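Remarks on the overall topology
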Amino acid sequence: MESAAPVVSLQAVGRAFGAVRALSDVTLSIAPGEVLGLVGHNGAGKSTLVNIVTGVLPPSEGQAIYAGGTPREAGVRVVAQELALAPNLTVAENLRIPQRDLRGLMWRGKARTRIRSALDEVFPDHGIGADTVVGDLPLAKRQMVEIAMAFAEGGPAPRLVILDEPTSSLDASRADQLLRHVHRFRECGGAVIFISHILHEVFAVATRVVVMRDGRVVDDRPAGGYTRTSLVEAMGHVAREGARERRIAASGVEVVSTPEGLRAGQGEIVGLAGLAGHGQAEALARLYLERTSDWRGRSPVPAAFVAGDRARDGVMPIWSIARNLSLAGLAMLRRAGFVDRAREARLVADWRERIGIRTDDTGRPILSLSGGNQQKVLFARALATGAPLIVMDDPMRGVDVGTKGDVYEMIRSEAAAGRTILWYSTEAEEMTLCDRVYVFRNGRIAAELRGEKITEERMLAASFDMGEAAA
Amino acid sequence: MMATTWTRPWFWAFAAAALAFAATVVLTGVQGAGGLLVAALTFASFSVLVGLGQMAVITMGPGNVDLSIPAVMTLAGTLSLKLMGGAAGTELWGLLAALGIGLGAGVANYALIWLLRIPPIIATLSASFVFQSVAIWSNRGLRIKPPVSLAEFSTGSTLGVPNAAWIGLAAALVFWMLIERTAYGRRLSAIGQNARAARLAGVPVEGVRAATYVLSAVMAALAGFLLSCFSGGAALNMGAEYLLMSIAVVVIGGSSIAGGNSNVPGIWGAALFMFLIVSMLNSYGLGAGVRLILTGVIIVAIVVAASGRRLTP
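Rules of the game
Residues numbered from 1 in each chain as written. Chains lettered and ligands numbered in written order. Predicted model: local features only at pLDDT ≥ 70, side-chain atom pairs only at ≥ 80, totals over all residues. Helix = DSSP H or I, 4+ residues; strand = E, 2+ residues; numbered from the N terminus. Buried ≥ 20, exposed ≤ 12 C-beta atoms within 10 Å, placed from the backbone. Contact = placed C-beta atoms within 7 Å. Rg over C-alpha atoms; globule rule 2.2 N^0.38 Å. Expected span 1.5 Å × (residues − 1). Arc of directions from axis to C-beta. Pairing = 2+ DSSP bridges. Axes fitted to C-alpha atoms, helices over the stretch in contact; angles between N-to-C directions. Core = buried A, V, L, I, M, F, W, Y, C linked by C-beta atoms within 7 Å. Nonpolar A, V, L, I, M, F, W, Y, C, P; charged D, E, K, R; others polar. Domains from an automatic or database assignment.

1. Some points on the overall build of chain A
Along its length, chain A carries 16 helices and 19 strands. Expressed as lengths along the three principal axes of its C-alpha atoms, the size of chain A is roughly 65 × 55 × 50 Å. A total of 471 residues make up chain A; the buried ones form 49% of that total. Long-range contacts, defined as pairs at least 24 residues apart, comprise 69% of the intrachain contacts of chain A with a sequence gap of at least 6.

2. Things to note about the overall build of chain B
Across its full length, chain B holds 14 helices and 2 strands. Compactness check: chain B gives a C-alpha radius of gyration of 19 Å against a globular reference of 20 Å for 313 residues, within 12% of the reference. The principal-axis extents of the C-alpha atoms in chain B amount to approximately 55 × 45 × 40 Å. Counting every position in chain B, which comprises 313 residues, the buried fraction comes to 52%.

3. Overview of helix H6 (residues 120-139) of chain B
All names here are of chain B. When the terminal C-alpha atoms of H6 are compared, their 28 Å separation across 20 residues agrees well with the 28 Å that a helix rising 1.5 Å per residue should span. When H6 is considered as a whole, its buried residues turn out to be Pro-120, Ala-123, Thr-124, Ala-127, Ser-128, Phe-131, Gln-132, Ala-135 and Asn-139. On an axial view of H6, the arc spanned by its buried residues comes to 160°, and they lie on one face. Turned more than 90 degrees off the buried face of H6, the exposed positions are Phe-129, Ser-133 and Trp-137. Contacts made by the buried residues of H6 are with helix H4 (69-84) and helix H5 (91-115).

4. Let's talk about the sheet that holds strand E16 (residues 389-393) of chain A
All names here are of chain A. An order of E13-E16-E17-E12-E18-E19 is seen for the 6 strands of this open sheet, with the pairing classed as mixed. Each of the sheet's edge strands pairs with one partner strand only, and the pair in question is strand E13 (303-306) and strand E19 (444-450). Across the sheet, the mean angle separating the axes of adjacent strands is 20° when strand polarity is ignored. Where E16 meets strand E17 (residues 420-424), 5 bridges bridge the pair, whose relative direction is parallel.

5. Some points on the nonpolar core
The tendency in soluble globular proteins is for nonpolar side chains to be buried as a group. Counting 173 residues, the largest nonpolar core has Val72(B), Ile267(B) and Phe273(B) as its most contacted members. In contact with Phe273(B), other than residues within four places in its own chain, are Ala13(B), Ala16(B), Ala17(B), Ala20(B) and Ile252(B). Grouped together as the second largest cluster of nonpolar side chains are 72 residues, Leu23(A), Val50(A), Val217(A) and Leu275(A) included.

6. Structural notes on the interface of chain B and chain A
By a frequent convention, interface size equals the accessible area lost on bringing the separate parts together. With 21 residues of chain B at the contact, the number on the chain A side is 26 residues. The class makeup of the residues in the side of chain B that touches chain A is 9 nonpolar, 7 polar and 5 charged.

7. Concerning helix H14 (residues 401-416) of chain A
Residues and elements named next belong to chain A. Helix length check: H14, at 16 residues, gives a terminal C-alpha distance of 22 Å against a target of 22 Å (1.5 Å per residue), a fit within 8%. Of the positions making up H14, those classed as buried are Val-401, Gly-402, Thr-403, Lys-404, Val-407, Ile-411 and Ala-415. Buried positions along H14 lie against helix H6 (199-205), helix H7 (228-234), strand E12 (269-274), helix H13 (371-383) and E17. In the stretch just after H14, Gly-418 is the one whose phi turns positive, near 105°.

8. Description of the sheet that holds strand E6 (residues 160-164) of chain A
Residues and elements named next belong to chain A. Read across the sheet, 6 strands follow the order E5-E6-E7-E3-E8-E9 without closing on themselves; strand pairing throughout is mixed. The two strands at the open ends of the sheet, each matched to only one other strand, are strand E5 (76-79) and strand E9 (216-222). Direction aside, the axes of adjacent strands within the sheet are offset by 15° on average. In the packing of helix H4 (residues 139-151) onto the sheet, the strands contacted are E5 and E6, and the crossing angle to E5 comes to about 175°. Together, strand E3 (35-39), E6 and strand E7 (191-195) form the strand contacts of helix H5 (residues 172-187), whose direction differs from that of E7 by roughly 150°.

9. Some words on the environment of Leu125(B)
All names here are of chain B. Within the element layout of this structure, Leu-125 appears in helix H6. Given 18 C-beta atoms within 10 Å, Leu-125 falls into the partly exposed group. Measuring from C-alpha to C-alpha, the distance between Leu-125 and Gly-224 comes to 18 Å, with 99 residues separating the pair along the chain.

10. Considering the domain arrangement of chain A
Residues and elements named next belong to chain A. Looking at chain A, the domain boundaries give domain 1 (8-234) and domain 2 (254-470). Put simply, the middle of domain 1 and the middle of domain 2, counted by C-alpha atoms, are 28 Å apart. Taken together, the contact pairs 19 residues of domain 1 with 22 residues of domain 2. Mapped by element, the contributors of at least two residues to the side of domain 1 that touches domain 2 are H4 and H5. Its residues placed into classes, the side of domain 1 that touches domain 2 shows 8 nonpolar, 8 polar and 3 charged.

11. Some words on unusual backbone geometry
All names here are of chain A. Even without glycine at this site, Asp-125 takes up a positive phi of about 55°. You can see Asp-125 is positioned in the loop between helix H3 (107-122) and H4. Overall, Asp-125 belongs to the exposed group, with 8 C-beta atoms counted inside 10 Å. If you check the backbone angles, Asp-394 has positive phi at about 45° while not being a glycine. With respect to the helices, strands and loops of the structure, Asp-394 is situated in the loop between E16 and H14.

12. Concerning the pairing of E3(A)
All names here are of chain A. When you tally the buried positions in E3, you get 5 out of 5 residues, the bulk of the element. Neither face of E3 is exposed, since Val-35, Gly-37 and Val-39 on one face and Leu-36 and Leu-38 on the opposite face are all buried. Here 4 bridges tie E3 to E7, and the two strands are oriented parallel to one another. What sits directly across from Leu-36, in E7, is Ile-193. With 4 bridges joining them, E3 and strand E8 (residues 208-213) adopt parallel strand pairing. The partner of Gly-37 across the bridge, within E8, is Val-209.

As structure tokens, then:
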């Protein structure tokens, strides 16, 4: 066993941004061979804590002490929640950015070897070429590359790897590979900080769980000391287990019917399941683009889209929260071409209240919000259109448990009011909230499940070849 | 209020214009100041007209630029003057013809972009060869004078302000409303920030793009019509300097080249500056070479100053 000297230890660390206290009085150390599960709501201070451990932000109070001097020398590596690869470079070239020892004439060859062996180790059968340009990779594969980079050898060897929502766009089997690798890494004396809103993952890998709330550490125990319910309570939310009685679809009117066999009735919640990258996102995008016009903003709005990849498909980065929220509904806020600003303000205030966006001023830039709150704005953007069809492309990435509960509730009540929801998710658990689920495999619908037949086992079975009989 | 004024992106353009004006007046004396101001307002308004259209195009983000502005100016000026033939009572038809030519040119530009899926730079550049050729073919070296009423109007003043400047001001006001207050303006900015996300949020991307290229061409045609009336006839090279000018006033005026962010007041500041800097360097008796180098250096300095201000939180 390694010595128990911590890789990093934080002593009474605090951090303020102007008047906002993001972190107060955090004392925490991470020893080799530990997997620290870090949980808490959006805005609880997890990201700030990560930024202090990685040295991106200096603490305003207290100090952070590392085993090797600087965070870099101590082997601290991070996989950020918002993916940070350079899209115009290849997979191997991206490795050059953190690994500054890749130099000299043959650095590309070295980089290729390193990233290949890391990918092979973490994600067997990954199917990612080291010379592929990152921009050409789907989101799940980009996330895999970034994770593999964090575990790759080279430079100061990784001793503490911080994974911030690492499985947010991975499907179940890839997530499982990652969790297994975290185990192996820990057994070799590595330390991991594992941040996830998916609690069963935290229970599966963590040796110790730290709960944060309002910028403080409110609980810190070995993982065995919690149950799912007690953990959710410690985060400050009452668990809503069992509140999942099945709704009967409201009417028989068919709203969606595509040649590939995707059907949805009015008031129905229809899930698109299966492994990530098997054509679900494409099917949704196609459907949405067919329903809306390239040439004219129609009112009433026929369909609305909720993006999961916020930076690529959702957020208007230079705009305020309010403008981001009202964008999809502009067609109905228009009077003789002008935006009816009084109506817009009412709409924004109304939805801020209904969906609980945490801000006191919707005139602030959207990027001032945490990821989960940005996602709420995108939900509000789609729901505020009044569109009868809502298309959701894995919208719960990086959203905390409390918010998820609120949003599930909202989705159900919107469906009950007669809206049709098409919902793609990489989390099988979410799919069990649907009235009907299509499981995709290789760009096609492999199975259709309804009602009681919607279980994680059946979906997983249909995702692989042996599952034909599942329906 | 004063504390925030200087952080606005258009502040630097106006500050630089004022400095260039002051520096010129110091040399030439106060008696020349009035004339200089009238000239600056007049010539700036032509740049403003084309700059506003170019601004809308550039707001749509990287790759969007209208290179056909000079050719559209020439074509609209040439054909409308030919149509009027210098006769009184034809003014309105001439104006409508010019605007119609702008409309047609804009539709042609966008049709190339959309149908052939070629980058706007190439599409507008190649279209401009066609426009220019039509102008040459119809002009045949003739220099037709504008109707007297139009010549007098475009060189005259109302309330001490040149008529051309009134038109430039009115156009700027219309654009300000368009950009800041209409659904079109919102959608334009959304496309410039992230076209894909805009489409997924229900923005009719192609419709907005088409409207914007048409708008830019119509503004160029209006500028061409006004300029040919002002200078007593259309000339085949009359638009030449307005290609770089239209882009320069957008950039100096504080609109973002990365797209999404447009700035109407800045267009006026930058247009005034572009005229005043040349007359300042002229009055200091610098040669053409030195003048061009200094103009370039000063433009870069202003862009750096303006963007530097915006980067600090």
